[in-house]
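Structural features, examined
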Amino acid sequence: MRSKPANDTLNHQAVYDLIQSVPAGKVTTYGDLAMALGNPGASRAIGRILGQNPNPIVVPCHRVVMSDGRLGGYANGILRKKELLEREGLAFAKGSVNNFDQVRIKLPSSTHGLIRKSGIRS
DNA sequence: GCCATGGCTAGTA
DNA sequence: GCCATGGCTAGTA
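Notes on the structure in this doc start here. Computed from a prediction, not measured in an experiment: that's the story for all the values here.

1. A look at the overall build of chain A
- The helix and strand tally for chain A stands at five helices and six strands.
- The order of α-helices and β-strands along chain A, N terminus first, is β-α-β-α-α-β-α-β-β-α-β.
- Classification of the 122 residues of chain A by burial places 37% in the buried group.
- Sequence-distant contacts, at least 24 apart, represent 69% of the contacts inside chain A between residues at least 6 apart.

Shown next as structure tokens:
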């Protein structure tokens, strides 16, 4: 759809900041990030944002996976993503992270994630 | 209109 | 499998 009604948008920098709180050996999900940033419906947008820019050295976006434990995507290919995660101690079966609930961390909730769009008529 | 998602139905085995 | 959602780009006017 070309036009949409959304009134909120995400602060990209806040997304990158938040991902930095995910330690090696752990993961989070697109949806959890969206939730922590106060925009629960934005999981898909999170994925798009990650694909944009991140400086992979400082922002470990390979630690962001799907809500069901499957890999999701990666700019350098999901094979690479899997390698990185395995190097950090994770294991996979049938494309999903083993023991997903134990390695999935709880994110700190962030306040500055949402930007209110201006110029909305009420 | 495309997509690095996610949640909820249907409909098989 | 469908479709709502949010961010983005290409490509027309």
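2. Regarding the packing of helix α1 (residues 12-19) against helix α3 (residues 43-52)
- Interhelical geometry of α1 versus α3 gives an angle of 85° and a closest axis separation of 10 Å. Accordingly, the angle class assigned to the pair α1 and α3 is roughly perpendicular. Facing H12, V15, Y16 and I19 of α1, the residues of α3 in contact are I46, I49, L50 and Q52.
- Here the residues of the contact of α1 with α3 sort into six nonpolar, two polar and no charged.

3. Describing the pattern of salt bridges
- By the definition in use, this model includes four salt bridges.
- When the shortest N-O distance is used, the salt bridge between R104 and D32 registers 2.9 Å. Residue R104 is found in the loop between α5 (100-103) and β6 (114-116), and its partner D32 is found in helix α2 (residues 30-36); the two are separated by 72 residues along the sequence.
- A salt bridge links R70 to D68; its shortest N-O distance comes to 2.3 Å.
- Assessed through its relative accessible area of 35%, R70 is described here as partly exposed.

4. Concerning the environment of Y74
- Structurally, the position occupied by Y74 is in the loop between β3 (64-65) and α4 (78-87).
- Sequence spacing of Y74 and H62 is twelve residues, and the spatial spacing of their C-alpha atoms is 6.9 Å.
- Beyond its immediate chain neighbours, meaning those up to four positions away, Y74 contacts C61, H62, R80, K81 and L84.

5. Considerations on the side chain of K81
- Position of K81 among the secondary structure elements: in helix α4.
- Although K81 lies buried, it forms no salt bridge, and the closest oppositely charged side chain, D68, sits 10 Å away as judged by the N-O distance.
- At 2.7 Å, the side chain of K81 forms a polar contact with the backbone oxygen of V64.

Conventions adopted
- Residues numbered from 1 in each chain as written.
- Chains lettered and ligands numbered in written order.
- Predicted model: local features only at pLDDT ≥ 70, side-chain atom pairs only at ≥ 80, totals over all residues.
- Heavy atoms only, no water.
- Helix = DSSP H or I, 4+ residues; strand = E, 2+ residues; numbered from the N terminus.
- Buried < 20%, exposed > 50% of the residue type's maximum accessible area, 1.4 Å probe, protein only.
- Contact = heavy atoms within 4.5 Å.
- Axes fitted to C-alpha atoms, helices over the stretch in contact; angles between N-to-C directions.
- Parallel < 35°, antiparallel > 145°, perpendicular 65-115°, else oblique.
- Nonpolar A, V, L, I, M, F, W, Y, C, P; charged D, E, K, R; others polar.
- Salt bridge = Lys/Arg side-chain N within 4 Å of Asp/Glu carboxyl O.
- Lys, Arg positive; Asp, Glu negative; His and termini not counted.
- Polar contact = N/O pair within 3.5 Å; in protein donor to acceptor, adjacent residues only side chain to side chain.

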